[in-house]
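# Residue-level structure breakdown
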Amino acid sequence: MVRVLFVCLGNICRSPSAEAVFRDLVAREGLEGQIGTDSAGTGAWHIGNPPDPRAQQVAGRYGIAMADLRARQVTTRDFADFDYILGMDNSNLANLHRLRPESHAGHVSLMLDFSDAADGEIPDPYYGDLSDYEAVFELLLPAARGLLDHIRSTHNL
Ligand code: 4NP
């Protein structure tokens with residue numbers, strides 16, 4: 001099983017959206033048994049909460065379900081449990097590198113490193129409006145495709 005963890009600050013906007021977009025693609029390709037997904041936040045404010053309603057609304061427009069997801073905080077155990085840990089912005093990535101045990105052999109990078117369409121950061125939409133959530137999904141869709149292509153070729157799936 002290849003395990004992928006998506007990480008942002010609150011785990012209610014960007015990383016659950018990334019998880020939902022990616023797991024939808026994984027399911028459509030029949031790879032649920034080979035690729036596992038989860039998401040987490042570096043912050044603790046929203047632990048136990050469902051995704052932001054604005055993220056759920058935009059996900060619905062793409063036919064993507066995410067109401068089942070609940071926020072949790074990243075732990076050092078995650079570095080033992082996940083092969084790929086992907087931050088949404090440079091601040092998430094810096095936090096991940098701070099938490100990362102020396103022994104961790106997995107992949108830690110930005111989500112958009114897997115996109116041909118864009119590189120850099122997925123901006124935090126929390127203080128924005130629906131158009132900011134729309135922009136998040138438009139960045140996530142090609143990145144999820146690129147990530148799945150990478151995992152399929154790297155792990156012969
Ligand atoms: P996320 O967005 O990191 O994409 O989930 C945020 C959600 C909540 C907060 C910040 C960012 N907050 O400060 O509560």
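Quick caveat, the model's predicted, so the values are computed rather than measured.

The next subject is the site of the ligand. Within the structure, the ligand sits among Cys8, Leu9, Gly10, Asn11, Ile12, Cys13, Arg14, His46, Asp124, Tyr126 and Tyr127. One of the backbone nitrogen or oxygen atoms of Cys13 is found 2.9 Å away from an oxygen atom of the ligand. His46 is positioned such that a nitrogen or oxygen atom in its side chain is 2.8 Å from an oxygen atom of the ligand. When the ligand sits alone it has 360 Å² of accessible area, and the protein chains cover 93% of it. For the shell around the ligand, the class distribution of residues is 6 nonpolar, 3 polar and 2 charged.

A separate point is the packing of aromatic side chains. Inspection of the entire model under this criterion finds 3 aromatic pairs. Measuring from ring centre to ring centre gives 4.9 Å for Tyr126 and Tyr127, while their planes differ by 80°; the resulting arrangement is edge-to-face. Relative accessible area serves as the criterion here: at 30%, Tyr126 is assigned to the partly exposed category.

Parameters and conventions
- Residues numbered from 1 in each chain as written.
- Predicted model: local features only at pLDDT ≥ 70, side-chain atom pairs only at ≥ 80, totals over all residues.
- Heavy atoms only, no water.
- Near = heavy atom within 4 Å.
- Polar contact = N/O pair within 3.5 Å; in protein donor to acceptor, adjacent residues only side chain to side chain.
- Areas by Shrake-Rupley, 256 points an atom, 1.4 Å probe, with all protein chains shown as cover.
- Nonpolar A, V, L, I, M, F, W, Y, C, P; charged D, E, K, R; others polar.
- Phe/Tyr/Trp six-rings, centres within 6.5 Å; stacked < 30°, edge-to-face > 60°.
- Buried < 20%, exposed > 50% of the residue type's maximum accessible area, 1.4 Å probe, protein only.

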